[in-house]
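# Observations on the three-dimensional arrangement
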Amino acid sequence: MTQEDLYRRLVVERARTPMFGGEVEDAQMRGEGTNPLCGDRVRLTASMTPGGRIAAVRHETRGCAICAASADLMAEHVTGHDPAWVAELGAVFEAMLKTGHPAEAAGDLAVFAPLHQYRSRIRCATLPWTALTAMLNDLKDR
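A brief report on the enclosed structure follows. (Residues numbered from 1 in each chain as written. Predicted model: local features only at pLDDT ≥ 70, side-chain atom pairs only at ≥ 80, totals over all residues. Heavy atoms only, no water.)

Along the protein chain, the regular secondary structure elements total 4 helices and 3 strands. Relative to the compact-globule value of 14 Å for 142 residues, the protein chain shows a C-alpha radius of gyration of 14 Å, a close match. When the backbone C-alpha atoms are referred to their principal axes, the protein chain occupies close to 40 × 30 × 25 Å. Residue burial in the protein chain is summarised as follows: out of 142 residues, 42% are buried. A fraction of 56% describes how many contacts in the protein chain between residues 6 or more apart in sequence connect residues 24 or more apart. Counting 16 positive and 18 negative side-chain charges, the protein chain places the averaged centre of each group 5 Å from the other. (Helix = DSSP H or I, 4+ residues; strand = E, 2+ residues; numbered from the N terminus. Rg over C-alpha atoms; globule rule 2.2 N^0.38 Å. Buried < 20%, exposed > 50% of the residue type's maximum accessible area, 1.4 Å probe, protein only. Contact = heavy atoms within 4.5 Å. Lys, Arg positive; Asp, Glu negative; His and termini not counted. Charge placed at Lys NZ, Arg CZ, Asp CG, Glu CD.)

Further remarks concern the environment of threonine 45. Considering the arrangement of structural elements, one finds threonine 45 in strand E2 (residues 40-48). Between the C-alpha atoms of threonine 45 and proline 128, which are 83 residues apart in sequence, the distance is 12 Å. Residues within four places of threonine 45 in sequence aside, it is in contact with Gly22, Glu23, Val24, Ala27, Met29, Arg30, Ala56, Val57 and Arg58.

Counted under the stated rule, the structure contains 6 salt bridges. The salt bridge involving glutamate 23 is made with arginine 30; its shortest N-O contact spans 3.6 Å. (Salt bridge = Lys/Arg side-chain N within 4 Å of Asp/Glu carboxyl O.)

It is worth spelling out the sheet that holds strand E3 (residues 54-62) at this point. Read across the sheet, 3 strands follow the order E1-E2-E3 without closing on themselves; strand pairing throughout is antiparallel. The sheet is open, and its two edges are formed by strand E1 (29-35) and E3, each paired on a single side. When strand polarity is set aside, the average angle formed by the axes of neighbouring strands in this sheet is 15 degrees. In the packing of helix H2 (residues 65-78) onto the sheet, contacts are made with E2 and E3, and the angle to E3 comes to roughly 175 degrees. (Pairing = 2+ DSSP bridges. Axes fitted to C-alpha atoms, helices over the stretch in contact; angles between N-to-C directions.)

Glancing now at the pairing of E3. Sheet analysis places E2 next to E3, joined by 8 bridges and oriented antiparallel. Bridged to arginine 41 within E3 is arginine 62. Linking E2 back to E3 in an antiparallel pair, the connection comprises 5 residues, with glycine 52 at a positive phi of about 90 degrees.

Glancing now at the packing of H2 against helix H3 (residues 83-99). Closest axis-to-axis distance for the H2/H3 pair is 11 Å, and the angle between their directions is 140 degrees. The pairing of H2 with H3 is recorded here as oblique in orientation. H3 is crossed by H2, and the crossing has right-handed handedness. Of the residues in H3, those in contact with Ser70, His77 and Val78 of H2 are Trp85, Val86, Leu89 and Phe93. For the contact of H2 with H3, the per-class residue count stands at 5 nonpolar, 2 polar and no charged. (Parallel < 35°, antiparallel > 145°, perpendicular 65-115°, else oblique. Left-handed = near helix turned anticlockwise from the far one by under 90°. Nonpolar A, V, L, I, M, F, W, Y, C, P; charged D, E, K, R; others polar.)

Here it is in structure tokens:
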């Protein structure tokens, strides 16, 4: 299976049947992101452990398959990690989208590497990460 085939299969799968869709009950944090150019919208809810790790994160995404799949895979990857680790993974993800060269740390987020050829679609993939970053920054400011 080629990288492009894997991309198509995983993106369609996660967009149609998200594993991390919905809301976190008793969420401690909320975040939103909107791309006015294409209409993508992401709402995130999350809870933290007493030790400062993300206990759960869920998304409600209205938008293209890329945005929905990115939100779902992001939620999977950041659960159980602290904000500093999440920021590092976000930077790896963004660099991969710009270069098309996936880092080992990206894991199955590497399926988005082909987007580097379609600059207008990169914002679709990064919107959930932008919302997550803003949500975690709001947590720091409290």
